[in-house]
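Coordinate inspection notes
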Amino acid sequence: MPKIGMEPQRRAALVHATVQEIGAAGSLDVTVGQIARRAGMSSALAHHYFGGKAQIFLAAMRHILTEYSAEVRSALRASHRPEDRLRAIIEANFAQSCFEPPVISAWLSFYVLAQRDPDAARLLRVYQRRLRSNLIHALRVHMAQPAPAAEVLGALIDGFYLRAALGSAGFEESAVAQVLTCGEALIERQNNT
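Keep in mind the model is a prediction, meaning the values are calculated, not measured. (Residues numbered from 1 in each chain as written. Predicted model: local features only at pLDDT ≥ 70, side-chain atom pairs only at ≥ 80, totals over all residues. Heavy atoms only, no water.)

This structure, assessed with the given rule, holds five salt bridges. The residue arginine 11 makes a salt bridge to glutamate 7 at a minimum N-O spacing of 2.8 Å. In this pair, arginine 11 and glutamate 7 both sit in helix α1 (residues 7-25), four residues apart, roughly one turn of the helix. On the accessibility criterion, glutamate 7 (37% relative accessible area) is partly exposed. Arginine 87 serves as the salt-bridge partner of glutamate 91, at 3.1 Å between the closest nitrogen and oxygen. Of this pair, glutamate 91 and arginine 87 both sit in helix α5 (residues 85-93), separated by four residues, roughly a single helical turn. (Salt bridge = Lys/Arg side-chain N within 4 Å of Asp/Glu carboxyl O. Helix = DSSP H or I, 4+ residues; strand = E, 2+ residues; numbered from the N terminus. Buried < 20%, exposed > 50% of the residue type's maximum accessible area, 1.4 Å probe, protein only.)

Here's what the structure looks like:
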């Protein structure tokens, strides 16, 4: 008989174990059994809570996106001037909780899964729209037409995650500086034309 009240803790343990297993493997090439063992439970229990590997992984990505969203909200609350919003958003994208190796591996796997799984594709679109919206809002104080610059900065952020997933590590601070430099160049270019 299952222990009453354990479901939230077990789900959280499975989500955490999923990110760690994907980080260790560097891909979605993990089994529910491996995830369950890392979480300290049986695969049957993992299947009971989530149904299968894709569902566990999507729950893990929702968790990662929730943490990412909290980082962005916190950074935006700490930015007191509208001009500081762009820096806050960029720094939040490279916060330690968002840019650690297992999470980066999960992001790369998420992009791959989104090519064939409609639920992953929908979740990815939600993230991309939110990032684009945040960037456009932050850029509005600097330029008349912020959408093209937001697209470039979003792609640049994704590119740094891709590079990190492929083994280039230790450039979180330079990533922030490079994305900010690009943003400033885009602002200056649009304002000088």
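There is more to say after this.
This part takes up the packing of aromatic side chains. Scanning the model with the defined rule gives 10 aromatic pairs in all. Residues tryptophan 107 and tyrosine 161 carry aromatic rings whose centres are separated by 6.2 Å and whose planes lie at 65 degrees to one another, so their mutual orientation is edge-to-face. Within this pair, whereas tryptophan 107 is found in helix α6 (residues 101-114), its partner tyrosine 161 is found in helix α8 (residues 147-165), the two being separated by 54 residues in sequence. Each member of the pair, tryptophan 107 as well as tyrosine 161, carries the same accessibility label: buried. Connected via pairs of aromatic rings, a cluster forms that spans Phe57, Tyr68, Phe94, Phe99, Trp107, Phe110, Tyr111, Tyr127, Phe160 and Tyr161. Above the plane of the ring of phenylalanine 50 lies arginine 11, whose end atom (NZ or CZ) is 4.8 Å from the centre. (Phe/Tyr/Trp six-rings, centres within 6.5 Å; stacked < 30°, edge-to-face > 60°. Lys NZ or Arg CZ within 6 Å of the ring centre and 35° of its normal.)

This part covers α1. Relative to the 27 Å expected for 19 residues at 1.5 Å per residue, α1 spans 26 Å between its end C-alpha atoms, a close match to the ideal helical length. Where α1 is concerned, the buried positions are Arg10, Leu14, Val15, Ala17, Thr18, Val19, Glu21 and Ile22. The inward-facing, buried residues of α1 abut α2 (32-39), α3 (43-50), α4 (53-78) and α6. Positive phi appears at glycine 26, one or two residues downstream of α1, with a value of about 75 degrees. (Expected span 1.5 Å × (residues − 1). Contact = heavy atoms within 4.5 Å.)

What follows concerns the nonpolar core. If you look at the biggest cluster of nonpolar residues, it comprises 65 residues, and the most contacted ones within it are Phe94, Trp107 and Phe110. By residue number, the principal contributor to this core is α4, which donates 12 residues. Not counting residues up to four positions away in its chain, the partners in contact with phenylalanine 110 are Phe57, Leu58, Met61, Ala120, Leu123 and Leu124. (Core = buried A, V, L, I, M, F, W, Y, C linked by side-chain atoms within 4.5 Å.)

What follows concerns the side chain of serine 105. With respect to the secondary-structure elements, serine 105 resides in helix α6. We classify serine 105 as buried; its relative accessible area is 11%. Excluding its chain neighbours within four sequence positions, the residues that come into contact with serine 105 are Ile22, Gly23 and Gly26.

Let us now look at a positive patch on the surface. On the surface, a cluster of positive charge is contributed by Arg62, Arg122, Arg125 and Arg129. The greatest single-element share of the positive patch, amounting to three residues, is contributed by helix α7 (residues 118-139). On the secondary structure map, arginine 122 appears in helix α7. (Patch = residues over 30% accessible without salt bridge, like charges linked within 9 Å, V, L, I, M, F, W, Y side chains within 5 Å. Areas by Shrake-Rupley, 256 points an atom, 1.4 Å probe, with all protein chains shown as cover. Lys, Arg positive; Asp, Glu negative; His and termini not counted. Charge placed at Lys NZ, Arg CZ, Asp CG, Glu CD.)

Mean pLDDT for the chain: 90, with 95% of residues reaching 70 or above. The element-level mean pLDDT for the chain is lowest in helix α9 (residues 172-191), coming to 88, with α7 highest at 96. (pLDDT = per-residue confidence, 0-100.)

Bringing the packing of α1 against α4 into the picture now. Where α1 contacts α4, the axes come no closer than 9 Å and their chain directions differ by 95 degrees. The angle between the axes of α1 and α4 places the two elements in the roughly perpendicular class. Along the contact surface, α1 presents Leu14, Val15, Thr18, Val19 and Ile22, while α4 presents Ile56, Phe57, Ala59, Ala60, His63 and Ile64. A per-class count over the contact of α1 with α4 returns nine nonpolar, two polar and no charged. (Axes fitted to C-alpha atoms, helices over the stretch in contact; angles between N-to-C directions. Parallel < 35°, antiparallel > 145°, perpendicular 65-115°, else oblique. Nonpolar A, V, L, I, M, F, W, Y, C, P; charged D, E, K, R; others polar.)

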